[in-house]
Every structure is written in structure tokens, then in C-alpha cells.
Amino acid sequence: MEQPRGVEQAAALWTAQDGSQQVFEQLVNDYYCTTDSARQALYESLSRIFENVYQSADMLTVELLRPTQLTNAAEPQAPDWIMSGYSPLAHFSDDMFANKLAFITIINFPHYTLEEKNTLGRHWSRQEWAYARMGDVFTTRVPAEVKTRMAQVLAEAENYIADYNIYMGNLRTEDNRQLWPEDRVLLSHWNLRDELKALYGAENGQEKQEMIYQVMQRIVNQTIPQSAINSNAVLWQPYSNQITKNQSPITNAPSEPYTRYARILDIAHAYFAEDPFCPTAPTGIIRNFEEGVEIPAAELDSLFRALVGSEQVAAVASVIRERLGRDLRPYDIWYDGFKARASLNEDELTAQTRKLYPDADAFAADMPRLLTQMGFAADEAKAIASRIVVEPARGSGHAWPCLGRKEDTRLRTRIASTGMDYKGYNIAVHEFGHCVEQVLDMYFIDHYMLSGVPNTAYTEASAFLWQHRDLNLLPNGKINDQMVNGKMVNDEVLDQFWSMYEIMGVSLVDMSMWQWIYAHPKATPKELCEATQQIAKDIWNQYYEPVLGEHDCILLAIYSHMVNAPMYLPNYPLGHIVQYQLEEHLAQCKTQAEFAQEYKRIYCLGRLTPKEWMIQAVGQAPSIDPILHAVKRTLQK
Ligand SMILES: [Zn+2]
């Protein structure tokens, strides 16, 4: 007789340590549900258990992190730092396999592949979706020591990136001029990129941009002298690569020994170690895209290539060329001149937001008003706001989601003693957009197993949707077309398009690099360095050289996330795609109240697959067509 699907999947994860074949058969006999009502009762019970476990563990983590994360808590001591790396759920999966609860879950709630969820799921009821999500809880059985190894190599990659500073005051042109002040230190690649963006229109801006570009290439191809990294002991001429120490030139200064690629390979080896324990998703690539992002890598790849290869690229590039009054250079992928808000009077706005929000409590007290201004009814606004706690963060602002219905979601913001400045307000509204999403798809949703969003891109879309309306949300802010009709216009559209063009190219390099790594599991750091450059060149030559010039440019491989966050980059362009489609859809609402209700309906869909979520939200799978059409319309004006 053919075995039920879940029983087969459980058998694949069963090991000799779990017991004999007979023990397994007895377990199936005892716990396999033969009626719908028994299965539903089991579902309810498991759902309650998962909610309690996840939520309690999260509440403990929040408490343990308080000193290191918040300014209104005790000064962090050594034990607080140690416990900040502690994970209460590190052994949860092992424990559940040991006490057999994982097997009971699997035999009754089988795992469905992404492909099945996207096809069969079209006809599933909400309950069937919830059952399918329960089938995603225990799909792998990675031993704790293998998981620990992954955490270790990720932490090492993080430290490597966090300490990769360039002392700009120590850079010299070939004729020995210093372009930056002594104390200017920039972290690669984020600060370097932001500096490059800020140099548009600055005096001698282009000379500095060219030098940053030169530094970036030396980081990618690892010809950067080791002594020039995170140190101000030497002077460095990035073009000739000459190093000078105490006025004497150093010959043959050693280059960085492919450390960048060694860190990536450490992560790859940690993936390889996990692979045998993941029968339904046997590679890191499959786990990241089919189980994490839940869009197959190949699908994202062709979505991105369709945009970077579109005819709109050349058209937008010629607008930029006209505005800059020169031929484009490779680093113009970061052209910053489309920012529509350059005309804002930031000082005036800061005066207003400081008065409005002297501290975190003032922002918390104002949340119901923000929600009603967005169109929510007063009682609903109050109910949503009552689940959001505002806390003063030590670091940058962020939103901390709740994992159960006894827990609040947390909006962390950084407020100076003088009050919240406009930039802080803009970020706080972004984080508020995350929090509202988190409350809706936890407290207003029908099944706990469906709480949340398909992936990070979808919560970012909500955050951007709010952030985009920050001015309208001020007490005297206009409730005008912009609120309902958040459609981006003119420069905003071009800005959105150009940043998609940039980040999609970077994502394509990241994705292709991981394909190469899996095809060459024994590669050395040097070989990976060469392969990554070749991948970056191929993508550049096909999609970027035609408008930005420079054959064989390797700039697209500079992103630090390629090192410390494997395959994370594709989430960024996906977030832009989702946001744009949502804005177009919500623009059809006639009133602010209708807008809020539609936004709420969409964010109560929960954790469907990204594709099914979009179809149910806006009637169309993730697509680049809306932004391409908008660019065309904009350029025709
Ligand atoms: Zn965000």
C-alpha cells in the first residue's frame, strides 16, 4: 500500500537513534489522524504549542537584549554581552525530534514544495494553507553543532565586514595630493558608496568619485594592499598601488590574501555540512530561495534580467547624461540626482518634529492619530496602536516583530535629547509601517500558522508605503491625492527605476556566484575571486556597458552583503517591485477609509507564498511591468 505523504517524509528523517522500524510503525499507528476532525484537533493543539514556544522565547530574548539595545535600560555589563548572543530556541528542533513531536507533526502535516504551494495552493482554503505551513516547521534535521558552525562563520564574516575601513585622508593621487581630510574614515562598501553619491555636484566631485571607484575595484580583485585596510599607518596611491610609510616607498607591499573570498567559502562549507540533513531542500541555494524567499532563483534571475535589459535603461541613462553634462561612468549606477525631496526645507521640518516628538512616549501617544490620518476608524486605530510599544534604541531604528498574541511589536527609534529630527521622524514612520503590518498579520489574522508576510520584501513594502507619506502624516499635513494615490511621479519613478537597475545587477552577481560555488565545491579563495570577477564582467558587459561604458568592469561585485549575508541581496529589488505594485493597486481607492481597509485586507493575507499573496492582493504575480510602464509614461511627458 502507498504510504501517506507525511509518513514517507517522516521516514526520511528517522534515524537509528530514534528507534527501530517497529518503533516508527507504532508511532504512525498511534498518531496518524484518520479523520478530518482528529486532524483539526491536532492542528489546534500544535498551533497553540508553537505560538507559546516561539512567543515566550522571543519575550525572553527581548528582555536579555534590553541593556545592549535600549537606552532606557541598565548599562550593559559583561554578562549582558554574553547573553546577547544566546538563542533560547537553539535546541528546540533537536528536542522535538527527540520527544517525537516533530514526527507526529510531519506524518499528519506533510511538507509541500514551493511549486506545489503555487499550483495546488491556488485552490486551497485558508485552513489548508495553515496546514501546509505547519508542514514547513520540521523539514530539516540539522544537528546543533552543524548549526553552530554556520552561526560562527556568519559572525566571522560580519566582523570582517564591520572592520573593513578605508582611511580616506591617507589616500594620495598620483601627484601626491590628499583629497579628503585626515580624520575621514569610510566603511566599505556602504560609506564609500554614500560618499560617492554625496559627491554629485560637489567641487572636484568627480576626481574623488574616480578615486573611490578605483579603491572599490582593488577591494573586489583583492589587489588592495593589506596595510591599507583599517589602518592609517601608511599612505596609499590607489592607481599605481604604491604604499608609503614614514616617507619611504615600500616595494612589493603584500595584497590582501583573498580574505574576502575565504570568508564566503567558509559560509559555503557550512552550507555543504548542512546539506545532507535537508532532504527536501538539499542545497543552500534551494533553502534560501525555495524555502526562504520562496521564489525560485531562476525566476528572480529572469525577472531581474528583464528589467536591466529593458529599453527603458538607455532612455533613463540619457536623461542622466543630460543632467550631468558628461558621458556616464560605471559608478553612475549610484546617480543620486532624482531624489525629489531635495527641495524640502529640512530645518523647518526638524523644528516641527522636535516639538511634536520630544521623546519616545510622545511618538507612542500620537500613533492612533497617525492611523486615523491614514484612514483607519478610531476604534481600529486604537486597537492597532495598543499593540505597538515605542522604545529608545542605542543603535539605529528598527522594528521588532511579535511572535504571538500576548506579545507587543516594538518600534525602536533613536531620539536625541533635543527631540526627534526630521530624518529620525522619516525613519520612525518607516518602522511604524513595519509595526502596523506586524500587528495586522498577527492580531487580525485567522490562523496563527499564517501570521506574518511571505518574506522580508513584503514587510519592507509596507514600511516604504508609510514612509512615502510621512509629510502627509504630520498634524497639518495635507490629506490630499498623495495619501490615496501614492503613485510615484516623475523623478520619483526614475529614481525608483534607477535604483532597481543598480541593485538587480548586484543581485544577479550574488546569485550567479553561488551557482558557481555549488558547481565548484573544492574552489580555493583565489579561484573564487577570479570566478566572481568573471561573473561581474559578463553581467556588466551585457547590461551595463552599453550605457555606462568600460568593458569588463567588476564594480557590481563590491557589495558587502555578498560576504556577510549570503544571497540576501535579491530581497531589495523584490521589495521595490512589491511596493510599486501595491501603490498602483491602492491608487484605485476612492477615499482614505477605503484605502485603509484595502491595505488591511492585503496585510491580513499572511504567509501565503509571495506569488499567491500578490495574486490575492493585487490580482497579479510579482511583475516589473508596472514600473516599466510608469517609466515610459514619465519619459513621454
Ligand atoms: Zn525596513
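Above: the structure in question.
Computed from a predicted structure; not experimentally measured. (Residues numbered from 1 in each chain as written. Predicted model: local features only at pLDDT ≥ 70, side-chain atom pairs only at ≥ 80, totals over all residues. Heavy atoms only, no water.)

**As for the overall build of the chain**
Thought 1: The secondary structure content of the chain amounts to 29 helices and eight strands.
Thought 2: The C-alpha atoms of the chain give 26 Å as radius of gyration, which agrees with the globular expectation for 637 residues (26 Å, within 12%).
Thought 3: When the backbone C-alpha atoms are referred to their principal axes, the chain occupies close to 80 × 60 × 55 Å.
Thought 4: Roughly 27200 Å² of accessible area belongs to the chain as shown, and the carbon and sulfur atoms make up 51% of that amount. (Helix = DSSP H or I, 4+ residues; strand = E, 2+ residues; numbered from the N terminus. Rg over C-alpha atoms; globule rule 2.2 N^0.38 Å. Areas by Shrake-Rupley, 256 points an atom, 1.4 Å probe, with all protein chains shown as cover.)

**Re the packing of aromatic side chains**
Thought 1: One pass over the full model with this rule turns up 33 aromatic pairs.
Thought 2: An angle of 75° between the planes, with centres 6.1 Å apart, marks the rings of Tyr-54 and Phe-92 as edge-to-face. Of this pair, Tyr-54 sits in helix α3 (residues 36-69) while Phe-92 sits in helix α5 (residues 92-98); the two residues are 38 residues apart in sequence, bridging distant segments of the chain.
Thought 3: For Tyr-54, a relative accessible area of 21% puts it in the partly exposed group.
Thought 4: Three or more aromatic residues link up through ring pairs in this structure, and these residues are Tyr-357, Phe-363, Phe-376, Tyr-422, Tyr-425, Phe-432, Tyr-458, Trp-466, Tyr-599, Tyr-603 and Trp-613. (Phe/Tyr/Trp six-rings, centres within 6.5 Å; stacked < 30°, edge-to-face > 60°. Buried < 20%, exposed > 50% of the residue type's maximum accessible area, 1.4 Å probe, protein only.)

**Quick look at a nonpolar patch on the surface**
Thought 1: Together, Leu-60, Ile-82, Met-83 and Tyr-86 make up a nonpolar patch on the protein surface, roughly 380 Å² of accessible area in all.
Thought 2: Secondary-structure assignment places Leu-60 in helix α3. (Patch = residues over 30% accessible without salt bridge, like charges linked within 9 Å, V, L, I, M, F, W, Y side chains within 5 Å. Salt bridge = Lys/Arg side-chain N within 4 Å of Asp/Glu carboxyl O.)

**Description of the coordination of the zinc ion**
Thought 1: Looking at the metal site, the zinc ion is ligated by His-430 (NE2), His-434 (NE2), Glu-460 (OE) and Glu-460 (OE), spaced 2.1 to 2.7 Å from it.
Thought 2: Taken together, the four donor atoms surrounding the zinc ion define angles of 52 to 146° at the centre, an arrangement classified as irregular.
Thought 3: Between consecutive donor residues of the zinc ion, the sequence gaps follow H-x3-H-x25-E. With a gap of 26 residues between them, His-434 in helix α19 (residues 422-443) and Glu-460 in helix α20 (residues 456-467) connect regions that are remote in the sequence. (Donors = N, O, S within 2.8 Å, 3.2 Å for Na, K, Ca; no water. Tetrahedral: all angles 85-135°; square planar, octahedral: opposite > 155°, others 65-115°.)

**Quick look at the environment of Glu-437**
Thought 1: By the secondary structure assignment, Glu-437 is in helix α19.
Thought 2: Expressed as a C-alpha distance, the spacing of Glu-437 and Glu-63, which sit 374 residues apart in the sequence, is 23 Å.
Thought 3: Filtering out sequence-adjacent residues up to four positions away, Glu-437 remains in contact with Val-453, Thr-459, Ser-462, Tyr-599 and Tyr-603.
Thought 4: Engagement of the side chain of Glu-437 in a polar contact is seen with the side chain of Thr-459, the distance being 2.5 Å. (Contact = heavy atoms within 4.5 Å. Polar contact = N/O pair within 3.5 Å; in protein donor to acceptor, adjacent residues only side chain to side chain.)

**Looking at the pattern of salt bridges**
Thought 1: The final tally for this structure, using the stated rule, is 35 salt bridges.
Thought 2: The salt bridge involving Asp-275 is made with Arg-287; its shortest N-O contact spans 2.8 Å. Taken together, the residues Asp-275 in the loop between α12 (259-274) and α13 (284-293) and Arg-287 in helix α13 connect sequence positions twelve residues apart. Side by side, Asp-275 and Arg-287 carry an identical accessibility label, which is buried.
Thought 3: With a closest N to O distance of 2.8 Å, Glu-598 and Arg-601 form a salt bridge. Here Glu-598 pairs with Arg-601, and both are found in helix α27 (residues 592-603), just three residues apart, close to one helical turn.
Thought 4: Residue Glu-598 is classed as buried on the basis of its relative accessible area, which comes to 17%.
Thought 5: Salt bridges sharing partners connect three or more residues here, namely Glu-63, Arg-66, Glu-391, Arg-410 and Arg-412.

**A look at the pairing of strand β4 (residues 242-245)**
Thought 1: Here three bridges tie strand β3 (residues 235-237) to β4, and the two strands are oriented antiparallel to one another. Within β4, the position partnered with Leu-235 by the bridge is Thr-244.
Thought 2: Two successive antiparallel strands, β3 and β4, enclose a turn made up of four residues, where Asn-241 displays a positive phi of approximately 70°.
Thought 3: With three bridges connecting them, β4 and strand β5 (residues 248-250) associate as antiparallel partners. Each residue of the ladder has a partner; that of Lys-245, found in β5, is Ser-248.
Thought 4: Here β4 folds back onto β5 in antiparallel fashion, the turn holding two residues, of which Asn-246 has a positive phi close to 45°. (Pairing = 2+ DSSP bridges.)

**A look at the sheet that holds strand β6 (residues 388-392)**
Thought 1: With respect to topology, three strands assemble into an open sheet ordered β6-β8-β7, the strand pairing being mixed. Taken across any chain shown, the strands that pair with only one partner, and hence form the sheet edges, are β6 and β7 (398-400). Direction aside, neighbouring strands of the sheet carry axes that sit 25° apart on average.
Thought 2: Relative to strand β8 (residues 409-413), β7 runs antiparallel, the two being bridged by three bridges. When the sheet's bridge partners are listed, Trp-400 is paired in β8 with Arg-410.
Thought 3: Running over the sheet, α3 touches β6, β7 and β8 and is turned about 150° from β7.
Thought 4: Contacting β6, β7 and β8, α19 crosses the sheet at an angle of about 175° to β8. (Axes fitted to C-alpha atoms, helices over the stretch in contact; angles between N-to-C directions.)

**Brief notes about the pairing of β6**
Thought 1: With respect to burial, β6 is a largely interior element, four of its five residues being buried.
Thought 2: Relative to β8, β6 is paired through five bridges, and the arrangement is parallel. Each residue of the ladder has a partner; that of Ile-388, found in β8, is Thr-409.

**Some remarks on the packing of helix α15 (residues 312-324) against helix α22 (residues 491-519)**
Thought 1: Interhelical geometry of α15 versus α22 gives an angle of 115° and a closest axis separation of 11 Å. Considering the angle they form, α15 stands roughly perpendicular to α22. Judged by the twist between their axes, the crossing of α15 over α22 is left-handed. On α22, the residues touching Gln-312, Val-313, Val-316, Ala-317, Ile-320 and Arg-323 of α15 are Asp-491, Leu-494, Phe-497, Trp-498 and Tyr-501.
Thought 2: For the contact of α15 with α22, the class distribution of residues is eight nonpolar, one polar and two charged. (Parallel < 35°, antiparallel > 145°, perpendicular 65-115°, else oblique. Left-handed = near helix turned anticlockwise from the far one by under 90°. Nonpolar A, V, L, I, M, F, W, Y, C, P; charged D, E, K, R; others polar.)

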